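Coordinates in review
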Amino acid sequence: MSWRSGSRAVVLTAYHPSSGAGDAPGGRRSGQYTMNHDHSKKIPDGASFDRSGSQDSLDELSMDDYWKELENIHETRGNNHEERVALVVKEPDEGELEEEWLKEAGLSNLFGESSGDSLESMVFLSTLTRTQKAAVEKRVETVTQTMRKRNKQHQIPDVRDIFRLQNDSKGKVCDGSEPSTVRTSENKNETHDGTKGPNFSLGTDEPKSLLEDMPSSDTDINLEISFAEQAANLKDSSVGKMYKGGGGDTLLPNFRLPKDKTGTTKIGDLAPQDMKKVYSLALIELTALYDILGTEFKQQKAVKIKTKDSGLFGVPLSLLLEQDQKKVPGTKIPLIFQKLIAQIEETTLETEGLLRIPGVATRVKGLCQELEAKFYEGTFNWENVKQHDAASLLKLFIRELPQPLLTVEYLKAFQDVQNLPTRKQQLQALNLLVILLPEANRDTLKVLLEFLQRVIDHRDKNKMTLKNVAMVMAPNLFTFHGFGSKTIEQREFVMAAGTANVMRFMIQYQKLLWTIPKFIVNQVRKQNTESQKKEKKDKAMKKLLKKMAYDREKHEKQEKTPNDTDVPQGVIRVQAPHLSKVSMAIQLTEELKAGDIVARFLSQKSGNVQTLKKEEVFLYEIGGNIGERCLDDDTYMKDLYQLNPNAEWVIKPKQS
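Per an unreviewed UniProt entry, the protein goes by Rho GTPase-activating protein 18 and derives from Junco hyemalis. Quoted verbatim from the Subcellular location (unreviewed entry) field of the UniProt record, the comment on the protein reads "Cytoplasm".

Right under this line is the structure:
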């Protein structure tokens, strides 16, 4: 689907699942698929599939499971004679897409009626890398030109002025040498007022030298330097040459994350206010990466859709969770989704052809209708559900979501991952896309991928390898209600091969995909630090008036009792309000980890306090230059303390 100037709308069809709900029965003959996807045909002349190393071994025979699954899906929909619901995806006017992008990135005040009030964005812009700034400049320039064409009456800033303001002002927020640089020299931890602060490595103005200095391998995923910066500096070098390899399970690179002494940050570890910043930065970073690699990144938008307001199948995820949370407060995954996975696993995951062999269509259709009527009443008899039928119902649930699990906005971007030159860049893009998904979609996707990995773990018995599972599941996630269904045969084959490989990547590297890159976390820290400085300046007078009273009160406390907060250098005070030992001074050492501190507290047992297990409580970094961050057990505390010396340290249960 291509974007054109002028407002257009593409109508995609969604289907009510209450009729013809199941996959068609098994036993398909090769070549039976009819929508120009006869996999017994030769690939069209001139087809070029040398788009990435991850597609090298995908030929027509290896795509057999994909086409059979797609045939099952189309036969299911072909038997559906009930009303189709129109899903309208709007193609925006010129400049409209860029306006929407700037709003999503939290930079709407760079244009329009509020364009003069852009001070709030200056702090944000000051933390951006060179390539991130280029991505923002490109979108602001497009919006500016569009507004001038429309003869808008409000002030339209020159894009060059937006970034020049940061560097020409006396209180420089960047290095001050060039508009697109962030300090990475030996004085990079120097703050605006000339004092020394924590060292935030963003990998911006000298990424080449940083990359050369850092020991790495082809399989190391560098999370300390912006992905787009890495791509920009490796684009024309021999280091960045495409990694070639076969498509078998064992030939996927064993990508790994080098150990970070300040701890790995996973999605869910940060407070909501910081996650909002992470989202904006991830959107800009992904756009910058796609810009550098010459891949078009355009979000799509569903502007009109008629959906069911109750039931199980064909109900929006947010609405489904809303009704589920009335039954099970706090649940983050649809109950029917959880139950279908549990039902499949209850028998055994060793069943040959699991997920590939479809259930009987008529029986699945009946089960679907019965579930709609009885699931929430608790009267549905799960003993009647056969394993292959449950697997078909699970895939049906995914397909019949009113909007795709990977969202209308980002489905095309997920598909376009196949166009990126190297596997490492494909993985980096997927990492950012997962961060951009709404929480409900991301949580449901995570549970699905974990389930698929458990199926693959039994591949010796069920004959479902990583490639087999990816082939079967890709059509269910990527061929949403007509996306790409009108493309020519050659392009269909390329998209099928590509999306199957994207599916393989999501399953194989799922643990990496839920990691927030360190350079983004550091940018959040930098934003928080700069915001705090601005607040301090604004409140300087008020604080000055309170200072004498505060000092007097502090002195009086010190005379009465030793101040609990005054701890010696190299010592932190950890609070644990949920444990029997509620506070403890901890001496920092080179080898002390977060898990060691939690274990020390848990060893202090008391019958008066509820016993908590080690896996139920975590050490949190709170305040300073971060809102709140749950630490992994392997975080080296002395290194983290140096990064955020003003933080408080609290042990508490992790909120689900």
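Let us now look at the overall build of the protein. Each helix and strand counted, the protein has 23 helices and eight strands in total. Relative to its full complement of 656 residues, the protein shows a buried share of 51%. Within the protein, contacts between residues separated by at least 24 positions form 77% of all contacts whose residues are at least 6 apart in sequence. Accessible surface, the protein: about 30700 Å² in total, of which carbon and sulfur atoms supply 48%.

This next bit is on the pairing of strand β6 (residues 617-623). In this structure, β6 lies alongside strand β8 (residues 648-653), joined through six bridges in antiparallel fashion. Each bridged residue has a counterpart across the sheet, and for Ile 622 the counterpart in β8 is Glu 648. Following β6, the chain reverses through two residues before pairing antiparallel with strand β7 (residues 626-630); Gly 624 in that reversal takes a positive phi of roughly 75°.

Spatial strand order, β5-β4-β8-β6-β7: five strands in an open sheet with mixed pairing. Looking along the sheet, the strands with just one partner apiece sit at the ends: β5 (583-587) and β7. Shown here is a sheet whose adjacent strand axes are inclined to one another by a mean of 25°, direction ignored. When strand β4 (residues 571-575) meets β8, the two strands line up parallel, connected through two bridges.

Another point: the pattern of salt bridges. Applying the stated rule across the entire model yields 26 salt bridges. Between Asp 64 and Lys 68 there is a salt bridge whose closest N-O contact spans 3.1 Å. Of the two residues, Asp 64 and Lys 68 both sit in helix α1 (residues 64-78), four residues apart, roughly one turn of that helix. Here Asp 64 falls in the buried class, since its relative accessible area comes to 18%. The exposure class of Lys 68 is partly exposed, given its relative accessible area of 26%. As a salt-bridge pair, Glu 590 and Lys 638 come within 3.1 Å of each other at their nearest N and O atoms. Taken together, the residues span a long stretch of sequence, with Glu 590 in the loop between β5 and α22 (594-602) and Lys 638 in helix α23 (residues 637-643) at a distance of 48 residues. Because the salt bridges share partners, they merge into one network encompassing Lys 138, Arg 139 and Asp 291.

Attention shifts here to the packing of aromatic side chains. For the structure on display, the rule yields eleven aromatic pairs. Between the aromatic rings of Tyr 66 and Trp 67, the centroid separation amounts to 5.1 Å while the plane-to-plane angle is 85°, which identifies the pairing as edge-to-face. A single burial state applies to Tyr 66 and to Trp 67, both of which are buried. Arranged with centres 5.3 Å apart and planes meeting at 70°, the rings of Phe 375 and Tyr 376 form a pair that is edge-to-face. Following the ring pairs from residue to residue traces out a cluster consisting of Phe 375, Tyr 376, Phe 380 and Trp 382.

Let's shift gears to the confidence of the model for the protein. Residues of the protein with pLDDT of at least 70 account for 65%, and the chain-wide mean is 76. Between the elements of the protein, mean pLDDT differs from a low of 42, seen in strand β1 (residues 8-15), to a high of 97, seen in helix α15 (residues 439-456). Counting contacts from residues 1-61, a segment whose pLDDT is below 50, to residues more than four positions away or on other chains yields 187 contacts. Throughout residues 202-215 the model reports pLDDT below 50, and contacts reaching past four residues in sequence, or to other chains, amount to 42 contacts.

This part is about the nonpolar core. Val 136, Leu 452, Leu 477, Phe 478, Met 503 and Met 506 are the most contacted members of the largest nonpolar core, which totals 125 residues. By size, the runner-up hydrophobic cluster in this structure holds 22 residues, among which are Ile 597, Leu 631, Ala 647 and Ile 651.

Here Lys 581 is to be found in the loop between β4 and β5. Sequence separation between Lys 581 and Gln 604 is 23 residues; the distance between their C-alpha atoms is 6.2 Å. Apart from the residues within four sequence positions on either side, Lys 581 is in contact with Ala 576, Phe 601 and Gln 604.

Think of an α-helix as turning once every 3.6 residues; residues three or four places apart then point the same way. For α22, the complete set of buried residues consists of Ala 594, Gly 595, Ile 597, Val 598, Phe 601 and Leu 602. The buried residues of α22 occupy an angular sector of 160° when projected down its axis, which confines them to one face. Each element contacted by the buried residues of α22 is listed here: β4, β5, β6, α23 and β8.

If you trace the backbone, Leu 97 turns up in helix α2 (residues 96-104). Along the chain, Leu 97 and Lys 298 lie 201 residues apart, while their C-alpha atoms are 7.4 Å from each other.

Before going further, it helps to examine the packing of helix α12 (residues 387-399) against helix α17 (residues 466-478). Between α12 and α17, the shortest axis-to-axis distance is 8 Å and the interhelical angle comes to 30°. Classified by chirality, the crossing of α17 by α12 is right-handed. The segment α12 lies against α17, with Lys 395, Ile 398 and Arg 399 engaging Val 472, Met 473, Asn 476 and Leu 477.

A word on unusual backbone geometry. Positive phi outside glycine occurs at Leu 355, with the angle close to 80°. Tracing the chain through its elements places Leu 355 in the loop between α10 (335-347) and α11 (361-374). According to the relative accessible area criterion, Leu 355 is buried, its value standing at 1%. A positive phi angle, close to 70°, is found at Thr 407, a residue other than glycine. Along the chain, the position of Thr 407 falls in the loop between α12 and α13 (408-416). Exposure remark for Thr 407: the relative accessible area of 6% places this residue in the buried category.

Relative to the helices and strands, Ala 413 is located in helix α13. Ala 413 sits in the buried class, given a relative accessible area of 4%. Separated by 115 residues in sequence, Ala 413 and Lys 298 place their C-alpha atoms 7.5 Å apart. Those residues in contact with Ala 413 that sit more than four places away from it in its chain are Tyr 290, Phe 297 and Leu 433.

In terms of burial, helix α7 (residues 227-234) is largely enclosed, as six of its eight residues are buried. For α7, every residue scored as buried is listed here: Phe 227, Ala 228, Glu 229, Gln 230, Ala 231 and Asn 233. Of the residues that open α7, the one with a side-chain oxygen 3.3 Å from the backbone nitrogen of Ala 228 is Ser 226.

Another point: the side chain of Gln 428. Mapped onto the elements, Gln 428 comes out in helix α14 (residues 423-436). Beyond its immediate sequence surroundings of up to four residues, Gln 428 is in contact with Phe 227, Gln 230 and Leu 289.

Cut-offs and rules
Residues numbered from 1 in each chain as written. Predicted model: local features only at pLDDT ≥ 70, side-chain atom pairs only at ≥ 80, totals over all residues. Heavy atoms only, no water. UniProt positions renumbered as here; feature names shortened; annotations may be inferred. Helix = DSSP H or I, 4+ residues; strand = E, 2+ residues; numbered from the N terminus. Buried < 20%, exposed > 50% of the residue type's maximum accessible area, 1.4 Å probe, protein only. Contact = heavy atoms within 4.5 Å. Areas by Shrake-Rupley, 256 points an atom, 1.4 Å probe, with all protein chains shown as cover. Pairing = 2+ DSSP bridges. Axes fitted to C-alpha atoms, helices over the stretch in contact; angles between N-to-C directions. Salt bridge = Lys/Arg side-chain N within 4 Å of Asp/Glu carboxyl O. Phe/Tyr/Trp six-rings, centres within 6.5 Å; stacked < 30°, edge-to-face > 60°. pLDDT = per-residue confidence, 0-100. Core = buried A, V, L, I, M, F, W, Y, C linked by side-chain atoms within 4.5 Å. Arc of directions from axis to C-beta. Left-handed = near helix turned anticlockwise from the far one by under 90°. Polar contact = N/O pair within 3.5 Å; in protein donor to acceptor, adjacent residues only side chain to side chain.

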